[in-house]
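Structural overview for review
What follows is each chain in one-letter form.
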Amino acid sequence: EPPSGLLDFASKVFSAFDVPTMSMDIAHDGARFHLIEGQFVHFGPKVIQDSAHYFTPAEQGWRKVVGPSVLEQEFATCVADFLKRVDNSTTC
């Protein structure tokens, strides 16, 4: 299980950027989380392809989904969600 607060931290960092996907290296010093590195354009899908479960936002926190992710489906969902956010945002 991920440390308490990790998924919330990752979600907050992701929300700070106007991007469809992001790969993050996050460290924990025992008290706080720190973003060590973020990649937006080119990163490997190995974690998605090899994982036996994943987490998704739920009404109260996060829900663990047991089962593999489908890379193409995850990518399409990320792009669709990004386009919805862009469509709903106001531009200057």
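Right, let's walk through the structure included here. (Residues numbered from 1 in each chain as written. Predicted model: local features only at pLDDT ≥ 70, side-chain atom pairs only at ≥ 80, totals over all residues. Heavy atoms only, no water.)

Considerations on the environment of Gln39
- Note that Gln39 resides in strand 2 (residues 33-39).
- In sequence terms Gln39 and Arg85 are 46 residues apart; their C-alpha atoms lie 20 Å from each other.
- Dropping the residues within four chain positions of it, Gln39 is found in contact with Thr21, Met22 and Ser23.
- In this structure the side chain of Gln39 is engaged in a polar contact, spanning 2.8 Å, whose partner is the side chain of Glu37. (Helix = DSSP H or I, 4+ residues; strand = E, 2+ residues; numbered from the N terminus. Contact = heavy atoms within 4.5 Å. Polar contact = N/O pair within 3.5 Å; in protein donor to acceptor, adjacent residues only side chain to side chain.)

As for a nonpolar patch on the surface
- A contiguous nonpolar surface patch, about 370 Å² in accessible area, is contributed by Phe17, Leu35, Phe40 and Val41.
- Within the secondary structure, Phe17 is located in the loop between helix 1 (6-15) and strand 1 (23-28).
- Judged by relative accessible area, Phe17 falls into the partly exposed class, the value being 36%. (Patch = residues over 30% accessible without salt bridge, like charges linked within 9 Å, V, L, I, M, F, W, Y side chains within 5 Å. Areas by Shrake-Rupley, 256 points an atom, 1.4 Å probe, with all protein chains shown as cover. Salt bridge = Lys/Arg side-chain N within 4 Å of Asp/Glu carboxyl O. Buried < 20%, exposed > 50% of the residue type's maximum accessible area, 1.4 Å probe, protein only.)

What about the pairing of strand 3 (residues 53-58)?
- Two strands pair when backbone bridges link them, and strand 3 and strand 4 (residues 61-66) are joined in this way by six bridges, in the antiparallel orientation. Looking across to strand 4, one finds that Tyr54 is bridged to Val65.
- In sequence, strand 3 turns back onto strand 4 through a hairpin of two residues. (Pairing = 2+ DSSP bridges.)

A look at the pairing of strand 1
- Strand direction decides the pairing type here: strand 1 and strand 2, joined by six bridges, are antiparallel. Note that in strand 2 the partner of Met24 across the bridge is Gly38.
- Between strand 1 and strand 2, which pair antiparallel in sequence order, lie four residues; one of them, Gly30, sits at a positive phi of approximately 100°.

So, the side chain of Ser69
- Position of Ser69 relative to the elements: it lies in the loop between strand 4 and helix 3 (71-88).
- Note on Ser69: relative accessible area 14%, which makes it buried.
- When near neighbours in sequence (up to four residues on either side) are disregarded, Ser69 contacts Ile48, Ser51, Tyr54 and Glu74.

Brief notes about the pattern of salt bridges
- Counting across every chain of the model gives two salt bridges.
- Across the pair Lys46 and Asp50 runs a salt bridge whose closest N-O atoms are separated by 2.6 Å. Of the two residues, Lys46 and Asp50 both sit in helix 2 (residues 46-50), four residues apart, roughly one turn of that helix. This pair shows no difference in class: Lys46 is exposed, exactly as Asp50 is.

Brief notes about helix 1
- Those residues of helix 1 that sit buried are Leu6, Phe9, Ala10 and Val13. When helix 1 is viewed along its axis, its buried side chains cluster within an angular range of 95° and face the same direction. Those residues of helix 1 that are exposed and angled more than 90 degrees off the buried face are Lys12 and Ser15.
- Where helix 1 is buried, its residues meet strand 1 and strand 2. (Arc of directions from axis to C-beta.)

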